[in-house]
Amino acid sequence: MGHLLTDLTIATFNAGKLIEYRTMLAGIRLNVRALSDFPDVADVEETADTFAGNAILKAVGYARATGSVTLADDSGLEVAALDGRPGVLSARYGGENTSFAEKMSLLLNEIAKTGSSDRRARFVCVAAIADESGKILHTARGECTGMIAAEPRGKHGFGYDPLFVPDGFEMTFGELPDEIKHQISHRAAAFAQIIPYLRDNTAV
Ligand code: IMP
């Protein structure tokens, strides 16, 4: 085992993701920071074509740039009728500057155009932790399977949440209470594998 971790930087500018991570990390003795605490750090481009590739690019890039142990994730929505799209391009689907209302309406139109009645979809999250030298300490992948609703419903969560009905539920992530999402989300699934690593490597 290496030295004990005291600080962890979460490599995201996404406020919704940050809230989920802070909630999930609440029981672990770590000083959690976000990229907003490092205003001079330049963006790391997500140029890989897999979730794992992008998570590793971001963990390594931001760990070196901030000089701190960094957790990065890459996540997105894979829709069966669209052969897995938008996938790694979820945040940029329909253009970087389109709203999620527009992205969701584009997604529904695209599914309708296929003529398919297959509504299956899944959120995927790959998380990676790198140390300040850029060495990968840990990676984990989580999935949350479900269906695409006929139209967006609810105001909770972020991104595509109003369109996603997780398996075992009838409400969308936009309608379900945040606590439920935080228990069953793709990030929670990836995180369940990261928690033991963090517990083993932080002071109790
Ligand atoms: P990333 O920040 O590169 O990982 O891109 C993640 C993108 O995937 C977000 O901008 C959303 O479009 C989508 N996404 C990931 N996780 C969620 C979620 O939990 N709910 C809704 N949309 C999500």
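Up top you'll find the structure we're talking about.
Described below are features of the structure shown in this document. Every value quoted in this text rests on a predicted model; they were computed, and no experiment measured them. (Residues numbered from 1 in each chain as written. Predicted model: local features only at pLDDT ≥ 70, side-chain atom pairs only at ≥ 80, totals over all residues. Heavy atoms only, no water.)

### Observations regarding the site of the ligand
Defined as follows: Any residue with at least one heavy atom within 4 Å of a molecule or strand is counted as near it. Here a polar contact is recorded for every N or O atom pair within 3.5 Å, except that within protein the pair must consist of a potential hydrogen donor and a potential acceptor, and residues adjacent in sequence are included only if both atoms are side-chain atoms. Accessible surface area values rest on a Shrake-Rupley calculation with a 1.4 Å probe, where residue burial reflects the displayed protein chains alone. Each helix is a run of H or I in the DSSP string that is no shorter than four residues. Each strand is a run of E no shorter than two, and both are numbered from the N terminus. Amino acids are sorted into nonpolar (Ala, Val, Leu, Ile, Met, Phe, Trp, Tyr, Cys and Pro), charged (Asp, Glu, Lys and Arg) and polar (every other residue, Gly among them).
The immediate surroundings of the ligand are formed by 17 residues, with Lys 17, Ser 75, Asp 161, Lys 181 and Arg 187 found nearest. Between the ligand and Asp 74 there is a distance of 2.9 Å, counted from an oxygen atom to a side-chain nitrogen or oxygen. The protein chains hide 93% of the 490 Å² of surface that the ligand would expose on its own. Of all the elements, strand E3 (residues 70-79) adds the most residues to the shell around the ligand, at three residues. In terms of residue class, the shell around the ligand is built from five nonpolar, five polar and seven charged.

### Some details on the nonpolar core
The tendency in soluble globular proteins is for nonpolar side chains to be buried side by side. To keep things clear, this is the line we draw: Nonpolar cores were defined as sets of buried Ala, Val, Leu, Ile, Met, Phe, Trp, Tyr and Cys residues, with membership established by side-chain atoms within 4.5 Å. Per-residue accessibility, obtained with a 1.4 Å probe over protein chains only, is compared with the maximum for each type, and a residue is labelled buried under 20%, exposed over 50%, and partly exposed between these values. Contact criterion: two residues are considered in contact whenever any of their non-hydrogen atoms come within 4.5 Å of each other.
Counting 24 residues, the largest nonpolar core has Leu 8, Leu 25, Phe 191 and Leu 198 as the members making the most contacts within it. Breaking this core down by element, the ones donating at least two residues are strand E1 (7-10), helix H1 (15-24), strand E2 (31-34), strand E4 (120-130) and helix H5 (186-200). Among the elements that take part in this core, H5 stands out by supplying seven residues, more than any other. Setting aside residues up to four positions removed in sequence, Phe 191 forms contacts with Tyr 21, Met 24, Leu 25, Leu 71 and Leu 198. The next biggest cluster of nonpolar side chains, apart from the first, holds 18 residues, and it includes Leu 82, Tyr 93, Leu 108 and Leu 176.

### Points about the pairing of E4
Cut-off, in case you're wondering: A pair of strands counts as paired when DSSP detects no fewer than two bridges linking them.
Counting buried residues in E4 gives nine out of 11 residues, a clear majority hidden from the surface. Across 11 bridges, E4 lies against strand E5 (residues 136-148) in antiparallel orientation. What sits directly across from Val 126, in E5, is Arg 141. Linking E4 back to E5 in an antiparallel pair, the connection comprises five residues, with Gly 134 at a positive phi of about 95°.

### Here's the deal with unusual backbone geometry
At the junction of Arg 85 and Pro 86, the peptide bond is cis and its omega measures out at 0° in the coordinates. If you trace the backbone, Pro 86 turns up in the loop between E3 and helix H3 (100-114). One non-glycine residue, Asp 83, lies in the positive phi region at around 50°. You can see Asp 83 is positioned in the loop between E3 and H3.

### Side note on the sheet that holds E1
The test is simple: Angles run from 0 to 180 degrees between N-to-C directions of axes, and those axes are lines fitted to C-alpha atoms, restricted for helices to the stretch in contact.
One open sheet holds the six strands; their spatial order is E2-E1-E3-E4-E5-E6, and the pairing between them is mixed. Each having just a single partner strand, E2 and strand E6 (164-166) make up the two edges of the open sheet. Neighbour-to-neighbour, the strand axes of the sheet open up by a mean angle of 35°, direction not taken into account. Note that E1 and E3 share two bridges and pair parallel. Residue Thr 9 lies in a different strand from E3, and its bridge partner there is Thr 70.

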